[in-house]
Amino acid sequence: QQQVRQSSQSLTVWEGETAILNCSYENSAFDYFPWYQQFPGEGPALLIAIRSVSDKKEDGRFTIFFNKREKNLSLHIKDSQPGDSATYFCAANYGSSGNKLIFGIGTLLSVKP
Amino acid sequence: EAAVTQSPRNKVAVTGGKVTLSCNQTNNHNNMYWYRQDTGHGLRLIHYSYGAGSTEKGDIPDGYKASRPSQENFSLILELATPSQTSVYFCASGERSNQDTQYFGPGTRLLVL
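Residues numbered from 1 in each chain as written. Chains lettered and ligands numbered in written order. Predicted model: local features only at pLDDT ≥ 70, side-chain atom pairs only at ≥ 80, totals over all residues. Heavy atoms only, no water.

Visitor: Just give me the short version of the sheet that holds strand β3 (residues 19-25) of chain B, but keep the residues and values in it.
Guide: All names here are of chain B. If you walk across this open sheet you meet the four strands as β1-β3-β8-β7, and the pairing is antiparallel. Edge positions in the sheet fall to β1 (4-7) and β7 (65-67), since each has one partner strand and no second. The mean angle between the axes of side-by-side strands here comes to 20°, regardless of whether they run parallel or antiparallel. Two elements, β7 and strand β8 (residues 73-78), share three bridges in a ladder whose sense is antiparallel. Bridged to K65 within β8 is I77. (Pairing = 2+ DSSP bridges. Helix = DSSP H or I, 4+ residues; strand = E, 2+ residues; numbered from the N terminus. Axes fitted to C-alpha atoms, helices over the stretch in contact; angles between N-to-C directions.)

The structure is reproduced here in structure tokens:
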């Protein structure tokens, strides 16, 4: 049972395009949604996160759009660069979980020059 | 900066053998976590800990034990390794709040023959 779903296991875009990575979830109690970025051979690292009280969070070229009613969110990477090529994990948790995260299966993003 | 280290980085074990994976963090974080990463499954939580002396079962604890002898160290133990436990294992640390970053180590690649 996948509580956090990432619709694409892989995505390829050209350099300069906007990459859009989608995520949906089942549990309406989830209130915190981080995205982690992982490069080959490394551990995941927090990229950007949003709380369920917000519908948008922006950090440089990275923006999360959040739709609480539809239980989905998306990560937009503007002006994609080859260095953005990595696996992106959508995750979620809720207040009483003690910072336990539930991860999606990840989306492998390839940015072609 | 947050620092989580894991040892060994690579391990080959035989079926039925005992394997111990070690994790050390210098962040003075209360929480520590063990995940495994497999293609098609993303990151799945095996065990976690809220502090020295405590261990809790995660989502896939069968076949694994954990030990938290100190704030800094958290071990994952496979008493009787099986080929299905071939995977990449990640340790992470984080604060107690549900909306705090988890800091991941570089991973241990385990092959069980």
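Visitor: For the nonpolar core, give the residues involved together with the corresponding values.
Guide: Within soluble globular proteins, side chains that are nonpolar tend to cluster in buried spots. Within the largest apolar cluster, 25 residues are counted, with the highest numbers of intra-cluster contacts made by F33(A), W35(A), L73(A), L75(A), I77(A) and Y88(A). With residues near it in sequence (within four places) discarded, Y88(A) still touches Q6(A), L21(A), W35(A), Y36(A), Q37(A), L47(A), L75(A), I77(A), G106(A), T107(A) and L109(A). (Core = buried A, V, L, I, M, F, W, Y, C linked by side-chain atoms within 4.5 Å. Buried < 20%, exposed > 50% of the residue type's maximum accessible area, 1.4 Å probe, protein only. Contact = heavy atoms within 4.5 Å.)

Visitor: How would you summarise the layout of surface pockets if you had to cite specific residues and measurements?
Guide: Looking at the largest pocket, its volume works out to about 510 Å³. Q38(A), T87(A), Q37(B), V88(B) and R109(B) are the residues nearest the centre of the largest pocket, which is lined by 26 residues in total. Of all the elements in the fold, those that place two or more residues in the lining of the largest pocket are β9 (86-92) and β11 (107-112) of chain A together with β4 (31-38), β9 (87-94) and β11 (108-112) of chain B. Counting residues per element, the lining of the largest pocket draws most heavily on β9(A), at three residues. Residues that form the lining of the largest pocket fall into these classes: nine nonpolar, 13 polar and four charged. (1 Å grid on protein atoms, 1.4 Å probe; cavity = no way out; pocket = protein on both sides within 12 Å on 5 of 7 lines; lining within 4 Å. Points joined across faces, edges and corners; volume = space filled by probe spheres on them. Nonpolar A, V, L, I, M, F, W, Y, C, P; charged D, E, K, R; others polar.)

Visitor: Explain the side chain of S49(B) to me, using residue names and the numbers behind them.
Guide: All names here are of chain B. Considering the arrangement of structural elements, one finds S49 in strand β5 (residues 42-49). A polar side-chain atom of S49 sits 3.0 Å from the main-chain carbonyl oxygen of G51. At 2.6 Å, the side chain of S49 and the backbone oxygen of S54 are in polar contact. Apart from residues no more than four positions distant in its own chain, S49 is found in contact with N30, N31, M32, S54, T55, R68 and F74. (Polar contact = N/O pair within 3.5 Å; in protein donor to acceptor, adjacent residues only side chain to side chain.)

Visitor: How would you explain the interface of chain B and chain A if you had to name every residue and give the values?
Guide: Counting from both sides, the interface comprises 24 residues of chain B and, opposite them, 23 residues of chain A. Along the contact surface separating chain B from chain A lie zero salt bridges. Here chain B and chain A share two residue pairs in polar contact (both at pLDDT 80 or more) between them. (Salt bridge = Lys/Arg side-chain N within 4 Å of Asp/Glu carboxyl O.)

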